[in-house]
Amino acid sequence: MEKAKFWVDWLLEAGEANVCHRYWFEIELEDELYEELYHVWFDNGSRLNNWNSKWDGHEGLFEKINVPAINALNDLVKKNEPDFADPIDVYWEISKETEDAF
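Residues numbered from 1 in each chain as written. Predicted model: local features only at pLDDT ≥ 70, side-chain atom pairs only at ≥ 80, totals over all residues. Heavy atoms only, no water.

Draft legend 1. Examining the overall build of the protein more closely. Looking only at helices and strands, the protein features three helices and three strands. The linear arrangement of helices and strands in the protein, starting from the amino end, is β-β-α-α-β-α. A buried classification covers 37% of the 102 residues belonging to the protein. When the accessible surface of the protein is split by element, carbon and sulfur atoms take 48% of a total near 6,500 Å². (Helix = DSSP H or I, 4+ residues; strand = E, 2+ residues; numbered from the N terminus. Buried < 20%, exposed > 50% of the residue type's maximum accessible area, 1.4 Å probe, protein only. Areas by Shrake-Rupley, 256 points an atom, 1.4 Å probe, with all protein chains shown as cover.)

Draft legend 2. Examining the pattern of salt bridges more closely. Taken as a whole and assessed by the stated rule, the structure comprises two salt bridges. Across the salt bridge formed by Lys-5 and Glu-97, the nearest N and O atoms sit 3.3 Å from each other. Here Glu-97 lies in helix H3 (residues 96-101) and Lys-5 lies in strand S1 (residues 2-14), a separation of 92 residues in the sequence. Lys-5 sits in the buried class, given a relative accessible area of 15%. As a salt-bridge pair, Asp-100 and Lys-96 come within 2.9 Å of each other at their nearest N and O atoms. Here the residue Asp-100 and the residue Lys-96 both occupy positions in helix H3, the gap between them amounting to four residues, near one helical turn. The residues Asp-100 and Lys-96 share a single accessibility class, namely exposed. (Salt bridge = Lys/Arg side-chain N within 4 Å of Asp/Glu carboxyl O.)

Draft legend 3. Here's a closer look at a negative patch on the surface. A surface patch of like charges, here negative, comprises Glu-2, Glu-30, Asp-31, Glu-32 and Glu-35. A per-element tally of the negative patch places helix H1 (residues 31-43) first, with three residues. Residue position: Glu-30 is located in the loop between strand S2 (17-29) and H1. (Patch = residues over 30% accessible without salt bridge, like charges linked within 9 Å, V, L, I, M, F, W, Y side chains within 5 Å. Lys, Arg positive; Asp, Glu negative; His and termini not counted. Charge placed at Lys NZ, Arg CZ, Asp CG, Glu CD.)

Draft legend 4. Layout of unusual backbone geometry. The backbone phi angle of Ser-46 is positive, close to 60°, even though this residue is not glycine. Locating Ser-46 in the fold gives a position in the loop between H1 and helix H2 (59-80).

Draft legend 5. Here's a closer look at the packing of H1 against H2. Between H1 and H2, whose axes approach to 10 Å, the crossing angle comes to 100°. In terms of orientation, H1 and H2 fall into the roughly perpendicular class. Within the contact between the two elements, H1 uses Leu-33, Glu-36, Leu-37 and Val-40 and H2 uses Leu-61, Lys-64 and Ile-65. Split by residue class, the contact of H1 with H2 holds five nonpolar, no polar and two charged. (Axes fitted to C-alpha atoms, helices over the stretch in contact; angles between N-to-C directions. Parallel < 35°, antiparallel > 145°, perpendicular 65-115°, else oblique. Contact = heavy atoms within 4.5 Å. Nonpolar A, V, L, I, M, F, W, Y, C, P; charged D, E, K, R; others polar.)

Shown next as structure tokens:
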């Protein structure tokens, strides 16, 4: 089992200003899924996120990351910004720490 760390972002547009919050979360992946994560990251030019990366053929891995990202963001926003709970769209990306581990 390997741990992979990700950043999940939340953006509030307020008039001409934007308020951005960034939180991190970790997931544990079996060795095979961690290796798959590496390959998806590498195939995407050593960048990986849920909006601009290609996940064709890796939908199971995507969901294994995306579901905890949504849950982590919703939990943190409910705790820290209850007026803005349950964001509609979630953006997450792999962390520098995980990239360095590759």
